[in-house]
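Per-entry structural report
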Amino acid sequence: MSKLRFCLSSAVGNFRKMSGAMYSSSVRGSVLTTNSNGDELLMMVRGMVPSLTYDKHKGEAGRVAVIGGCREYTGAPYFAAMSAYRVGCDLAHVICTEGAAPVIKSYSPDLIVHPELDAPIMAVEAIMKWLPRMHSVVIGPGLGRQETIQKTVKNLIESLKSTDTPIVIDADGLFLLTNHPKIIKGYQHAILTPNVVEFKHLYKKVIGKDPQSEMALREVPELSSALGNVTVCLKGKEDVISDGRNVMVCTTAGSPRRCGGQGDILSGTMGVFTFWAHQAEKEGNQILSTFGPTMCSAYAACLLTKRSSELAFAEHQRSMSTTDVLAQVPKAFAEMYEIFKAVL
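Fair warning: this is a prediction, and the values are worked out from it, not measured in the lab.

What counts and how
Residues numbered from 1 in each chain as written. Predicted model: local features only at pLDDT ≥ 70, side-chain atom pairs only at ≥ 80, totals over all residues. Heavy atoms only, no water. Helix = DSSP H or I, 4+ residues; strand = E, 2+ residues; numbered from the N terminus. Rg over C-alpha atoms; globule rule 2.2 N^0.38 Å. Contact = heavy atoms within 4.5 Å. Areas by Shrake-Rupley, 256 points an atom, 1.4 Å probe, with all protein chains shown as cover. Lys, Arg positive; Asp, Glu negative; His and termini not counted. Charge placed at Lys NZ, Arg CZ, Asp CG, Glu CD. Axes fitted to C-alpha atoms, helices over the stretch in contact; angles between N-to-C directions. Parallel < 35°, antiparallel > 145°, perpendicular 65-115°, else oblique. Left-handed = near helix turned anticlockwise from the far one by under 90°. Phe/Tyr/Trp six-rings, centres within 6.5 Å; stacked < 30°, edge-to-face > 60°. pLDDT = per-residue confidence, 0-100. Pairing = 2+ DSSP bridges. Nonpolar A, V, L, I, M, F, W, Y, C, P; charged D, E, K, R; others polar. Core = buried A, V, L, I, M, F, W, Y, C linked by side-chain atoms within 4.5 Å. Buried < 20%, exposed > 50% of the residue type's maximum accessible area, 1.4 Å probe, protein only.

**What to know about the overall build of the chain**
When you go through the chain residue by residue, the secondary structure sums to 13 helices and 10 strands. Taken over C-alpha atoms, the radius of gyration comes to 19 Å for the chain, in line with the 20 Å a tight globule of 344 residues would show. In the chain, the proportion of contacts linking residues at least 24 apart, taken out of those at least 6 apart, comes to 69%. Of the roughly 15,100 Å² of accessible surface on the chain, 51% is carried by carbon and sulfur atoms. Side chains of the chain give 36 positive and 32 negative charges; the mean places of these two sets differ by 3 Å.

**Here we look at the environment of Val-220**
Of note, Val-220 is situated in helix α9 (residues 216-226). When the C-alpha atoms of Val-220 and His-114 are compared, they prove to be 35 Å apart, with 106 residues separating the residues in sequence. Those residues in contact with Val-220 that sit more than four places away from it in its chain are Phe-199, Val-232, Leu-234, Val-240, Ile-241 and Ser-242.

**Here's the deal with the packing of helix α3 (residues 75-87) against helix α10 (residues 262-282)**
The N-to-C vectors of α3 and α10 enclose an angle of 40°; their axes lie 7 Å apart at closest approach. When the axes of α3 and α10 are compared, the pair comes out oblique. The interaxial crossing formed by α3 with α10 has right-handed handedness. In this structure, α3 contributes Ala-76, Phe-79, Ala-80, Ser-83, Ala-84 and Val-87 to the contact, and α10 contributes Asp-264, Ile-265, Ser-267, Gly-268, Thr-269, Val-272, Phe-273 and Trp-276.

**Considering the packing of aromatic side chains**
Within this structure, the stated rule accounts for 8 aromatic pairs. Consider the rings of Tyr-78 and Tyr-107, whose centres lie 5.2 Å apart with planes at 65°: the pair is edge-to-face. Of this pair, Tyr-78 sits in helix α3 while Tyr-107 sits in helix α4 (residues 101-107), and the two are 29 residues apart along the sequence. Relative to Phe-333, the ring of Trp-276 lies with its centre 6.3 Å away and its plane at 70°, an arrangement referred to as edge-to-face. Note that Trp-276 is positioned in helix α10 and Phe-333 in helix α13 (residues 322-336), a separation of 57 residues in sequence.

**Some points on the confidence of the model for the chain**
Looking at the chain as a whole, its pLDDT mean stands at 90, while 90% of the residues score no less than 70. Of the regions scoring below 50 in pLDDT, residues 1-25 engages in 33 contacts with residues more than four places distant in sequence or in other chains.

**Regarding the sheet that holds strand β5 (residues 136-139)**
The sheet built from 10 strands is open, its strands ordered β1-β10-β9-β8-β7-β6-β5-β2-β3-β4 with mixed pairing. Here the strands that pair on one side only, and so sit at the sheet edges, are β1 (31-33) and β4 (112-114). Across the sheet, the mean angle from the axis of one strand to that of its neighbour is 15°, orientation sign disregarded. Summarising the sheet, β1 and strand β10 (residues 247-250) pair through 3 bridges and their orientation is parallel. Of the residues in β10, the one forming a bridge with Val-31 is Val-247.

**A closer look at the packing of helix α7 (residues 172-179) against helix α8 (residues 196-207)**
Close contact between α7 and α8 brings their axes to 9 Å; oriented N to C, the two are set at 15°. It follows from the interaxial angle that α7 and α8 lie roughly parallel. Between α7 and α8 lies a crossing whose hand is left-handed. Residue-level inspection shows Leu-174, Leu-177, Thr-178 and Asn-179 of α7 in contact with α8, the latter providing Glu-198, His-201, Leu-202 and Lys-205. Grouping the constituent residues of the contact of α7 with α8 by class yields 3 nonpolar, 3 polar and 2 charged.

**Looking at the nonpolar core**
Judged by nonpolar contacts, the single largest core of 64 residues is most densely connected at Met-248, Phe-273 and Tyr-337. The leading source of residues in this core is helix α12 (residues 293-316), at 11 residues. Once residues within four sequence positions are removed from consideration, Phe-273 is found in contact with Val-45, Met-48, Val-87, Ser-297, Ala-300, Ala-301, Leu-304, Phe-333 and Tyr-337. Membership of the second largest hydrophobic core comes to 40 residues, among which are Val-31, Ile-67, Ile-139 and Leu-174.

**Remarks on the pairing of β10**
Going residue by residue along β10, you find Val-247 and Val-249 tucked away on one face and Met-248 and Cys-250 tucked away on the opposite face as well. As paired strands, strand β9 (residues 239-242) and β10 are joined by 4 bridges and run antiparallel to one another. Considered in β10, the bridge of Val-240 is made with Val-249. Counted along the chain from β9 to the antiparallel partner β10, the turn is 4 residues long, and its residue Gly-244 has a positive phi close to 90°.

Structure below.
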């Protein structure tokens, strides 16, 4: 354990140096990348991963909920919830529509499925019986754009904000935010994970003009700042993450195979990491106090997802599926982030 403390102490010093040393003409704070700062960023993530011990009880490593899943889209919430489970949360819940619930239940007995999202009466109240127990919530995978469900989710976000619950918003959750960006403005426990198209729509709504693809290092922090320093993670060949002050760029290659569902794995893993990071910050983790739990957890999830995809592609090449990527999450996690297998 003393070796870990020494490494973390060294990493804190390195981060403090970097926070004033790496500037871009378009970024106010520091720009950290996997290529230039990979070792320090790995140590950052390892410092927030909880140890495995024999004296913890079920739920301490995380209770994560995924809000999403409708008749048309059942795979997305499954991948998000199962990736959270495979990273290491103890309990993974899916809050979906009644039509999606039997299908998602059939995918895995490990998931706890609640068919409350389209309840005809008092859907918000039914869901809020469960959400206060959650350590973090992922909103959007397989959500759909039905007006009544979007309205329900809007009300749920307001309730989650009142309890300071860490949230990750992806997919059709971002469609909701594009229509109503004020509901997330200033909520710094949130992480938004747009792809390039979703980013374009949200950026235009908030900033008032189209983004330029080559200006991500400027435009991602610009959008974050305009939203009140909500962390934004622009997915792409290189994932660009910013809280409006600093920028992290995950430059790991990942896979050239772009099968659907990899973003769901990203959002699910991010749901676990954001809980762990907020917990570590409360416990005095100095690295997280420098860059904040949302940026650190977003980077952790990006790197893990890209490495899992890379491992899956090496085995399956063109036939790689998201199921193959999910199967590689434990191996990628152990390879990069696991320091101690267990602590007695």
